[in-house]
Amino acid sequence: MKILVLIGNVPDTTTKIKFNADKTAFDAAGVQWIINPWDELALTRAMELKEAPGSKVESVTVANVGRQETEATLRKALAIGADKAIRVDADARDAFYVASQLAKVCQGFDLIFAGVEASDYNGAAVGGMLAELLGMQSVSAVSGLQAEEGFVRITREIEGGSQTLTAATPLMAIVQKGIAKEPRIPAMRGIMMARSKPLEVLSPVDTETRVSFASFDLPPAKAACKKFSEEQAKELIHALRDEAKVL
Amino acid sequence: MSVLIYIDNTDGKFKKAGFEAVSYGVALAAQAGSEAVAVSLGNVAEAELLKLGNYGVSKVLSSTDERFASMDNQAAAKALAFAAAKVGAEIVVLAHNNLGKAIAPRLAVKLQAGLVSNATGLPLNLSPFTVNKNVFTGKAIGHAVVHTAVKVLTLSYNSYGVVEKPVSVNIEAFDAGLGDADFGLKVEQTQKVTGKILLSEAEIVVAGGRGMKGPENWGGIEELAEILGAGTACSRPVSDEGWRSHGEHVGQTGKIIAPNLYFALGISGAIQHLGGVSGSKVIVAVNKDPDAPIFEAADYGIVGDVMKVLPQFIEAAKELKA
């Protein structure tokens, strides 16, 4: 079994979000870039599957769409344990553009992992679009996955509960929290080895942009917090009823 | 020309997120001068379908094919594309819940449509089609412009609200012509959480953080939640410690929620936590640290010991509900 994990390069989740002066683009000055949190969990699960006793997983490949500066994120994925990385050399414009770029990378894999969304533009779309472009079965909200012979057993979240199901490979698993317990942190040995692992760069295909952002805004500032003392706790509840009218 | 609204069901019942999508779709159709049409997939009884009329939609397409119960994204996207073609849909609206999120990207590819997920509010403009969406997990708002003729939107939960506008309903059965090969998922087992308010549906959420000191102190949170008919949640350290299940984790990498009222008890309000709850209409914070960032996001707050405050909250809530 060959596994592909799609990797998003996103600002660290503690980043204070700023935009440029005319508010048309994210201000990346001083930003630390990380593997999109759900993609990191997906990669962790892929490595667990590969390392399991009697594993049928031959290789774990990672892929992204991004410029050269995103290679640090791919190298981190290699340091975590992926065998090979592929980068499509283009700016990630919108979800359809990214999915179209990745479609040609996805050939020959039995299991593809995508994160439920990227923590930057929250598109929640690349995995599903890619599956549709490939005519591949997809399962979303995946919080557990076991590889069996020729199929996978999946736990997914549904409204009000969870469900276990089976699906044949090839399959696109769109994963969320729970797929792995804790994201793996690269060890020194992994970081050394990552330097010599293959990182292939592909040129993009020409695709239309379907959605763009005209501009951005920060949420309106909140009014100051109305403070009550420890002894006035009951009055706070009364204010929720009489003033905020939410009780 | 029409606005097609997909309304998903759980065991044959519609939920609030679906009614909200219908309310939104009806307003969107009015704005665009077109007709709103709802579409339901799966075994939903006529009485349930008729409920959609309460929210202003007079035409409902229904495919009662039992196989949709497996919630197969591929099959659902195919059926919705069929329905969209049938009614000449210009815009398709889905709720941004597990199922809507799963289907929308596949449907958008089929319809050669631009997709805006997590949309909040009606379009600012119809030409060019511009709609707000949450980005950076609620830390900013993007004005998304869709360049394609057909658009697909998923609606952020509790961002528009449910609007009652009763009309009579005309139900039309349809068959999307799917074969067994379209349904590739084999469901083995379904576990439902019973007797609890779902976080995704809760109008009020009571959440605890590390300031609660340990899982043995959650009785008060559960009691307050029960009195208020609220859902219970927790911060990431709490679920990482195993005090509460991962399903309760709200925040950037857990669940994103937007209730009308959110209680953050003993939660300091790390930026990742705030990202997951900033859509809440009113936030109440209790924390012993006056400089905790949660107070910047909160509308009402108490700097103090949550163990002393919580029993008073419970008492006041009991009096209120009595």
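Structure: above.
*Asks:* I'm lost on helix H3 (residues 73-87) of chain B in this one. Help?
*Replies:* An α-helix turns once per 3.6 residues; consequently, residues spaced three or four apart project the same way. The terminal C-alpha atoms of H3 of chain B, which comprises 15 residues, lie 21 Å apart, in line with the 21 Å expected from a rise of 1.5 Å per residue. Looking at the buried positions of H3 of chain B, the neighbouring elements they touch are strand E7 (137-147) of chain A together with strand E1 (2-6), strand E4 (35-41), strand E5 (59-63), strand E6 (89-95) and helix H4 (98-110) of chain B. N-cap assignment for H3 of chain B: the residue whose side-chain oxygen lies 3.0 Å from the backbone N of glutamine 74 of chain B is aspartate 72 of chain B. A positive backbone phi angle near 60° is found at glycine 88 of chain B, which sits one or two residues after H3 of chain B.

*Asks:* It is not clear to me how the interface of chain A and chain B should be interpreted in this structure. Could you clarify?
*Replies:* At the junction of the two partners, chain A supplies 80 residues and chain B supplies 92 residues. Across the chain A/chain B interface, buried area totals approximately 7300 Å², and carbon plus sulfur atoms make up 55% of it. Summed over the three residues of chain A that lose the most area to chain B, namely Glu159, Arg210 and Glu230 of chain A, the buried surface amounts to 11% of that side. Linking chain A to chain B there are seven salt bridges. Of the charged contacts, one joins arginine 106 of chain B and glutamate 132 of chain A as a salt bridge, the two residues approaching to 2.8 Å between their closest N and O atoms. Here chain A and chain B share 46 residue pairs in polar contact (both at pLDDT 80 or more) between them. Those elements that place two or more of their residues in the side of chain A that touches chain B are helix H1 (37-51), helix H4 (126-134), E7, strand E8 (151-158), strand E9 (161-168), strand E12 (211-217), strand E13 (226-228) and helix H6 (233-242) of chain A.

*Asks:* How should the packing of aromatic side chains be read in this particular structure?
*Replies:* Two aromatic rings are characterised by how far apart their centres lie and by the angle between their planes. A complete count under the given rule lists 17 aromatic pairs over all chains for this structure. Measuring from centroid to centroid gives 6.3 Å for phenylalanine 228 of chain A and tyrosine 300 of chain B, while their planes differ by 45°, and the two rings are tilted. Of this pair, phenylalanine 228 of chain A sits in strand E13 while tyrosine 300 of chain B sits in strand E17 (residues 300-303), each in a different chain. A ring pair is formed by phenylalanine 82 of chain B and phenylalanine 174 of chain B, whose centres lie 6.0 Å apart and whose planes are at 10°; its orientation type is stacked. With phenylalanine 82 of chain B in helix H3 and phenylalanine 174 of chain B in the loop between strand E11 (170-173) and strand E12 (186-192), the pair connects residues that are 92 residues apart, well separated along the chain.

*Asks:* How should I be thinking about the pattern of salt bridges in this particular structure?
*Replies:* As a working rule, side chains carrying opposite charge can pair if their charged atoms are close by. All names here are of chain A. Applying the stated criterion to the full structure yields 33 salt bridges over all chains. When the shortest N-O distance is used, the salt bridge between lysine 84 and glutamate 200 registers 2.9 Å. Of this pair, lysine 84 sits in strand E5 (residues 84-88) while glutamate 200 sits in strand E11 (residues 199-202), placing them 116 residues apart in sequence. Under the relative-accessibility criterion, glutamate 200 is labelled partly exposed at 33%.

*Asks:* Just checking my understanding: could you explain the packing of H6 of chain A against helix H9 (residues 306-321) of chain B for this structure?
*Replies:* Axes are the key here: two packed helices are described by the angle between their axes and the distance separating the axes. Contact geometry of H6 of chain A with H9 of chain B gives a least axis separation of 8 Å together with a crossing angle of 45°. Put simply, H6 of chain A runs oblique to H9 of chain B. Crossing geometry of H6 of chain A relative to H9 of chain B is assigned as right-handed. Each of Ala233, Lys234, Leu236, Ile237, His238 and Arg241 of chain A in H6 of chain A lies in contact with H9 of chain B, whose residues at this interface are Val309, Gln312, Phe313, Glu315, Ala316, Ala317, Glu319 and Leu320 of chain B.

Thresholds, definitions, all that
Residues numbered from 1 in each chain as written. Chains lettered and ligands numbered in written order. Predicted model: local features only at pLDDT ≥ 70, side-chain atom pairs only at ≥ 80, totals over all residues. Heavy atoms only, no water. Helix = DSSP H or I, 4+ residues; strand = E, 2+ residues; numbered from the N terminus. Expected span 1.5 Å × (residues − 1). Contact = heavy atoms within 4.5 Å. Polar contact = N/O pair within 3.5 Å; in protein donor to acceptor, adjacent residues only side chain to side chain. Buried area = accessible area lost by both parts, 1.4 Å probe. Salt bridge = Lys/Arg side-chain N within 4 Å of Asp/Glu carboxyl O. Phe/Tyr/Trp six-rings, centres within 6.5 Å; stacked < 30°, edge-to-face > 60°. Buried < 20%, exposed > 50% of the residue type's maximum accessible area, 1.4 Å probe, protein only. Axes fitted to C-alpha atoms, helices over the stretch in contact; angles between N-to-C directions. Parallel < 35°, antiparallel > 145°, perpendicular 65-115°, else oblique. Left-handed = near helix turned anticlockwise from the far one by under 90°.

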